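Descriptive analysis of the structure
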Amino acid sequence: MSSKKVKVTDMSNNQGQLTELNQADFLPLPPPYDKLELEPKMKPLTPDQRQRYECDLDGIAAVMIPRPKTEEEKKVLVDKFLSGLTKLFNKEDNWTFIQALLLTMEYCAKCQTCSTACPIFEESGGKEIYRPSYRADVMRRLYKKYIKPGGKFFTKLTGDDIEVNWEMIARLAELTYRCTLCRRCAQTCPIGADNGLVTHELRKIFSQEMGISVKQLHEVGSVQHIQKGSSTGMTPLAFKDNVEFMEDEVKERTGMEFKWPIDKAGADVLLLHNAGEFLAWPENPEAFAIILEAAGISYTLSSDLLGYDGVNYGLWYDDVQLARVALKHIETAKKLGVKKIVLGECGHSHKALTVIADRILTGDYNIPRESSLTLLADIVKSGRLKLDKSRNEDIYVTLHDPCNVVRLMGIVEPQREILRAISPKFREMTPHGVENYCCGGGSGFAIMPNTNFPDWRHSVAGRKKLRQVLDVFQDVIGPEHKKYVCAPCSNCKGQIRELFSAYGVFERCNILYGGLVELIVNAMTDIEKPFLEWDWH
């Protein structure tokens, strides 16, 4: 554990970097990574980066906030932050989340149950700034001082005062990107305080009021999504070209020749993939197409702007951007006249278009939305696919639970029913289901390549997941055994891909990662050759 106790009031000091990170402080990993020298090294920022970007929290620049050049610039930013703080606690401006936020501000027993539930705090060796309640305590002091009547007077009497200056605000902006929004802390809190929500609401102030956000989430994320049709930059024409390519690839790999339905009016289902799958893991939408074709499901894809990309990065940082994207998804479904939307293997798109978008999708916009996991479980149990689990006999399989699907939506059993039906060597991580740990790439982390942030993500945010993977396969950890981490979420796969690459997990341990549908197709007896291409990773 860290020997230095960093206080909440230290956020406002002007003495440079608040916390030093030393990899020797992190919790040791299981074999074959039980020696520190076997781990990838965290790179410090260059002198130029330190001069250009705010990094006085922990020496990491995830958000890449330019350092203000004058005191006037700092004052303008401080004023915008305080204005945004006021709006956050005004029900006309923040009707979506204000009730839960107020409850969290008013009640905290300081029991630190949340801290023991947080993988980032635990794996970092107990760095005080990563404690879930540390971030919330900063917010709570701001709430008491600037929102509650008489706050500036009473906080001095109660010892809850906090100095608001640019140094504090810049550190707080970075601190909101040291939390994956997995909300394990909120689940474990005995009185229902939601420290994950605090992170989310603070990110809203920075984005909606101050124009401070992560470029990959906003500029080349949700803005590009709305303008070009996909956060990947893929246009509708490129989407159609990609589908043609995948049709050819399916024919080559399986011998199955069929056209994928696009813009089919009146279909039962609009299937909404994360567009990253088309580019990074085309075998995933290919496997979906094979399964739905074989099962005789009436469905369609869409080539409308946003209609072929289910991501919604606004979920993580900006309510306005979330609403813009969600409304476009629903308008696509209305135009096609489908009975429901089914979401592919993408955890955050599940939560964005169902749990969160429920707040705005009322009346004619309340089109049913369903997880692909429940649809796939129904298909597998119905016997519409010819499956032979022995085709996966040589692969040890474990399941990574995406936080948005299990803890935040309660979809736990369907994916397990499928795996038990198709994988003889399926085994569970500990813990799993609603008690799972984040992959370390949640809340946008997986697509944030800025400065030395990926090093932090691999060494701290993803450390718990790597530990779980190594532990569950420890008795067969040698490369002579094939092992597969089933991760039915595009964002999680992106994080696991980079995590495994950083540690050389495939090369040292022969552990592959991928989706659920690929394993299903691998068990289909109609297809002669194995669908999983083990040597490709």
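Right above here is the structure, for reference.
Predicted, not measured: the structure shown is a model, and the values here were computed from it. (Residues numbered from 1 in each chain as written. Predicted model: local features only at pLDDT ≥ 70, side-chain atom pairs only at ≥ 80, totals over all residues. Heavy atoms only, no water.)

**So, the packing of helix α2 (residues 71–88) against helix α10 (residues 195–209)**
The description of two packed helices rests on the angle between their axes and on the distance between the axes. For the pair α2 and α10, interaxial distance at closest approach is 9 Å and the crossing angle is 125°. One finds that α2 runs oblique with respect to α10. Along this stretch, α2 crosses α10, giving a crossing that reads as right-handed. Here K80, F81, G84, L85, K87 and L88 of α2 lie close against α10, whose contacting residues are E201, L202, K204, I205, F206 and E209. (Axes fitted to C-alpha atoms, helices over the stretch in contact; angles between N-to-C directions. Helix = DSSP H or I, 4+ residues; strand = E, 2+ residues; numbered from the N terminus. Parallel < 35°, antiparallel > 145°, perpendicular 65-115°, else oblique. Left-handed = near helix turned anticlockwise from the far one by under 90°. Contact = heavy atoms within 4.5 Å.)

**Overview of the state of the cysteines**
Under the defined criterion, the tally for this structure stands at zero disulfides. Unpaired in this structure, C114 has its nearest cysteine sulfur neighbour in C185, at a distance of 6.2 Å. (Disulfide = S-S within 2.5 Å.)

**Brief notes about the side chain of K483**
Inspection of the secondary structure assignment puts K483 in strand β7 (residues 482–486). We note that K483 is buried and unpaired, the nearest opposite charge coming from E480 at a distance of 6.5 Å. (Buried < 20%, exposed > 50% of the residue type's maximum accessible area, 1.4 Å probe, protein only. Lys, Arg positive; Asp, Glu negative; His and termini not counted. Salt bridge = Lys/Arg side-chain N within 4 Å of Asp/Glu carboxyl O.)

**Some thoughts on a nonpolar patch on the surface**
Taken together, the side chains of L103, Y107 and I191 present a nonpolar region at the surface, about 320 Å² in accessible area. Within the fold, Y107 resides in the loop between α3 (98–106) and α4 (113–117). (Patch = residues over 30% accessible without salt bridge, like charges linked within 9 Å, V, L, I, M, F, W, Y side chains within 5 Å. Areas by Shrake-Rupley, 256 points an atom, 1.4 Å probe, with all protein chains shown as cover.)

**Remarks on the nonpolar core**
If you look at the biggest cluster of nonpolar residues, it comprises 67 residues, and the most contacted ones within it are F81 and W456. Residue contributions to this core peak at seven residues, all from helix α8 (residues 166–175). The contacts of W456, once residues within four sequence positions are left out, are L21, M42, D58, I60, I120, Y130, Y177, R178, F445 and A461. Counting 54 residues, the second largest nonpolar core, distinct from the first, contains L271, L373, I395 and V397. (Core = buried A, V, L, I, M, F, W, Y, C linked by side-chain atoms within 4.5 Å.)

**Let's talk about the pattern of salt bridges**
All told, the structure shown has 44 salt bridges when counted by the stated rule. Between K464 and E122 there is a salt bridge; the shortest N-O distance is 2.9 Å. Of this pair, K464 sits in helix α21 (residues 463–472) while E122 is found in helix α5 (residues 119–123), placing the two residues 342 residues apart along the sequence. A relative accessible area of 27% places E122 in the partly exposed class. The shortest N-O distance in the salt bridge between R463 and E123 comes to 3.7 Å. With a gap of 340 residues between them, R463 in helix α21 and E123 in helix α5 connect regions that are remote in the sequence. The burial state of R463 is the same as that of E123; both residues are buried. Through salt bridges with shared partners, one network takes in E39, E122, E123, R463, K464 and R467.

**Quick word on α8**
Counting buried residues along α8, nine of its ten residues qualify, which places the element largely inside the surrounding structure. Listing the buried residues of α8 in full gives W166, M168, I169, A170, R171, L172, A173, E174 and L175. Taken together, the buried residues of α8 touch α2, α6 (132–146) and α10.

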